[in-house]
Amino acid sequence: MEDCIFCKIIAGDIPSSRVYEDEDVYAFDDIEPQAPVHTLVVPKMHVATLNDIDDNSLWNSMLKGIREVARIKGIVESGYRVVVNCGEQGGQIVMHLHVHVLGGKRLDDKMG
Ligand code: 5GP
Ligand code: ZN
């Protein structure tokens, strides 16, 4: 999609630090990490928000991407947090669905 920063990253028009990629998803490190591990998993297809997933297989692919990122980053055993911000009050800034995978330290207890 034109003017979508994550579509540009997927296309390689904006550089990113790639962590994992398959047919359906792309994962790259967040530019402003909130934890030692902070990787974003995004669908290659432009989907704006969690509300816009109408194919459950896409969510399965996202889940696989999340688990691959945790494996690659070595945080499967220590544990990690998965966050999806959805819409304005959910704090979503980039309108291309993305899952934050956070870990590498003891994360805050606060969720909101
Ligand atoms: P949101 O608040 O929409 O859930 O999170 C968007 C995330 O995208 C933020 O954590 C922000 O740091 C990250 N981000 C925004 N622009 C870029 C970029 O150009 N490159 C990378 N790697 N991350 C970005
Ligand atoms: Zn997009």
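Below is a short write-up of the structure. The structure presented is a predicted model; accordingly, all values stated were derived computationally and were not measured.

Topic: the overall build of the chain
Assigned secondary structure in the chain consists of two helices and five strands. For the chain, the N- to C-terminal ordering of α and β elements is α-β-β-β-α-β-β. Taken over the C-alpha trace, the chain has a radius of gyration of 13 Å; the compact-globule value for 112 residues is 13 Å, and the two agree within 12%. Seen through its C-alpha atoms, the chain measures out along the principal axes to roughly 40 × 30 × 30 Å. Across the 112 residues of the chain, 38% fall into the buried class. Long-range contacts, defined here as pairs at least 24 residues apart, represent 56% of the contacts in the chain between residues at least 6 apart. With an accessible surface of roughly 7100 Å², the chain has 48% of that area assigned to carbon and sulfur atoms.

Cut-offs used in this document
- Residues numbered from 1 in each chain as written.
- Chains lettered and ligands numbered in written order.
- Predicted model: local features only at pLDDT ≥ 70, side-chain atom pairs only at ≥ 80, totals over all residues.
- Heavy atoms only, no water.
- Helix = DSSP H or I, 4+ residues; strand = E, 2+ residues; numbered from the N terminus.
- Rg over C-alpha atoms; globule rule 2.2 N^0.38 Å.
- Buried < 20%, exposed > 50% of the residue type's maximum accessible area, 1.4 Å probe, protein only.
- Contact = heavy atoms within 4.5 Å.
- Areas by Shrake-Rupley, 256 points an atom, 1.4 Å probe, with all protein chains shown as cover.

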